[in-house]
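# Residue-level structure breakdown
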2 protein chains.
Amino acid sequence: MTDIFFNVKKHSDQQKFFKGMELLYFGYRDFISWPDDVLHELGFGRAHHRILHFVSRSPGLKVAELLKLLNITKQSLSRVLSTLVEKGHIRQDIGVQDRRQRLLYVTEQGQDLLNKITEHQKEHMLKAFETAGSQSVEGFWKVLSALLTDENREELLNQINKDMGA
Amino acid sequence: MTDIFFNVKKHSDQQKFFKGMELLYFGYRDFISWPDDVLHELGFGRAHHRILHFVSRSPGLKVAELLKLLNITKQSLSRVLSTLVEKGHIRQDIGVQDRRQRLLYVTEQGQDLLNKITEHQKEHMLKAFETAGSQSVEGFWKVLSALLTDENREELLNQINKDMGA
DNA sequence: AAAATATGTCAGTCATGTTGACATATTTAA
DNA sequence: TTAAATATGTCAACATGACTGACATATTTT
């Protein structure tokens, strides 16, 4: 499976497209389909995970910024965010400069939950990176960056690259 | 953005994980969020696209095989597949050896629809491959293959590699 | 003849997204 | 200082694409 399968130059455009699309579909699916254990018990889904992740990644995130990252409407966000706040996983502070803003923070409890959720995914991804090798990981990142919409690219790459010293 | 951003070895495990996860999330999202044009007008969604794709890719596919590929229940498949059959995009033939089976084929009309749907995605992906370069595409494929679940890998890679001469 | 298999379907539910309309608090601008 | 703009929240209705459980039909295997 190592020889011809991965030899890009021996593929037609159509073949490259199919292989890329299908691998992306199956790979993404297998990556995000974690064992339900932790989440389903608690009544949480992927939406909750995404919110916890981005808030944890950028403490003090404003609601508007979160909406832009997730690319959903505030009505959609509302339900999910509300339950996370009610159950004490996320805290909303009133903005200091602008008191209309709600600044979002993950609580200790929320961080514990997030860690439990990502535990498996982190293992999964790092194992895949190890298997594929650094050279391949670099290519993985480069292609995914190129797949971003032109309008999104700069902003998203900045977001992704943010606080990479932490 | 080319220097340190893509230098895998200068990343901690945590940083690799975050970058991989976020790029995969955003990249996948930007790739599958096509312009609604074609589909929404016709009342079709992503589920229809997936079915059309896999049936087109493997003419004569059995329902059970399709279910396994999509990893959904037959009840879920039913609604979507039914409308595709009703509207003449997919044809169901009775199996020759086993008359219980329904063998699925994309009609000419269905292939036209599929082409319209994928037009944009194909451009998008091939452009990204071009930008990133063959070396990167190879890495992209290798990492995604490694992200497949161990139980799935062999079967899926065979599926993906199937009829690559077409 | 009985059991297993491949498929289909009815009914109800859930998670996550959408629009549209409106409310409230706060900041900015005329 | 009032009026407009902004940041957030919420109610209601709806769409899509999953799920479970139960049952039906045709066909093949034992």
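Please read these numbers as outputs of a predicted model, since none were measured by experiment.

## Regarding the protein's contact with DNA strand C
Close to DNA strand C lie 25 residues; Arg50(A), Ser76(A), Arg79(A), Lys74(B) and Arg100(B) are nearest. Restricting the count to atoms of DNA strand C within 4 Å of the protein gives a sugar and phosphate share of 52%. Within the backbone of Ala47(A), an N or O atom sits 3.4 Å from a phosphate oxygen of DNA strand C. Between DNA strand C and Arg100(B) there is a distance of 2.6 Å, counted from a base oxygen to a side-chain nitrogen or oxygen. Considering every element that reaches the surface near DNA strand C, the biggest residue donor is helix H3 (residues 46-57) of chain A, with 4 residues. Across the surface near DNA strand C, the residue classes tally to 4 nonpolar, 11 polar and 10 charged.

## Describing the relation of the copies chain B and chain A
Aligned on chain A, chain B shows an RMSD of 0.0 Å; the corresponding rotation is 180° and the shift along the axis is 0.0 Å. Taken together, the turn and the small shift mark the pair as related by a two-fold rotation axis. Residue Phe140(B), judged by its C-alpha, is the member of chain B lying nearest the rotation axis, at 1.9 Å. In this assembly, 100% of the residues forming the interface of chain B have copies in chain A that are likewise at the interface, indicating an isologous arrangement.

## A closer look at unusual backbone geometry
At Asp163(A), a position not held by glycine, the phi torsion is positive, near 55°. On the secondary structure map, Asp163(A) appears in the segment after helix H8 (150-161). Residue classification places Asp163(A) among the partly exposed residues on the basis of a relative accessible area of 47%. Phi angles above zero are rare outside glycine, and Asn71(B) is one such case at about 65°.

## Some thoughts on the sheet that holds strand S3 (residues 102-106) of chain B
Residue and element names in this part refer to chain B. Taking strand neighbours across the sheet as the criterion, the 3 strands line up as S1-S3-S2 in an open arrangement whose pairing is antiparallel. Every interior strand has two partners, whereas the edge strands, strand S1 (61-62) and strand S2 (90-94), have only one. The pairing of S2 with S3 spans 5 bridges and is classified as antiparallel. The residue bridging Ile-90 from the neighbouring strand is Val-106, located in S3.

About the cut-offs
- The numbers attached to residues start from 1 for each chain and follow its sequence in the written order.
- All chains are assigned letters beginning at A, and all ligands numbers beginning at 1, according to the order in which they are written.
- Totals for whole chains, interfaces and linings use every residue, but because this is a predicted model, local features are given only for residues with pLDDT of at least 70 and side-chain atom pairs only at 80 or more, for both listing and counting.
- Side-chain numbers come from the whole structure's heavy atoms, not from hydrogens or water.
- Throughout, near means a residue has at least one heavy atom within 4 Å of the molecule or strand.
- N or O atoms closer than or at 3.5 Å make up a polar contact, with two conditions inside protein: a donor-capable atom paired with an acceptor-capable one, and, for residues adjacent in sequence, both atoms drawn from side chains.
- A run of DSSP states H or I qualifies as a helix once it reaches four residues; a run of E qualifies as a strand once it reaches two. Both are numbered from the N-terminal end.
- In this classification, the charged set is Asp, Glu, Lys and Arg, the nonpolar set is Ala, Val, Leu, Ile, Met, Phe, Trp, Tyr, Cys and Pro, and all remaining amino acids, among them Gly, are polar.
- The fit set for superposing copies consists of C-alpha atoms from residues with pLDDT of at least 70 in both; the fit itself is least squares.
- Whether two residues are in contact is decided by their heavy atoms: any pair within 4.5 Å suffices.
- Type-normalised accessible area, obtained with a 1.4 Å probe on protein chains alone, sets the label of each residue: buried when under 20%, exposed when over 50%, and partly exposed for intermediate values.
- Pairs of strands are assigned from DSSP output, requiring at least two bridges between the strands.

These figures come from the coordinates and say nothing about function on their own.
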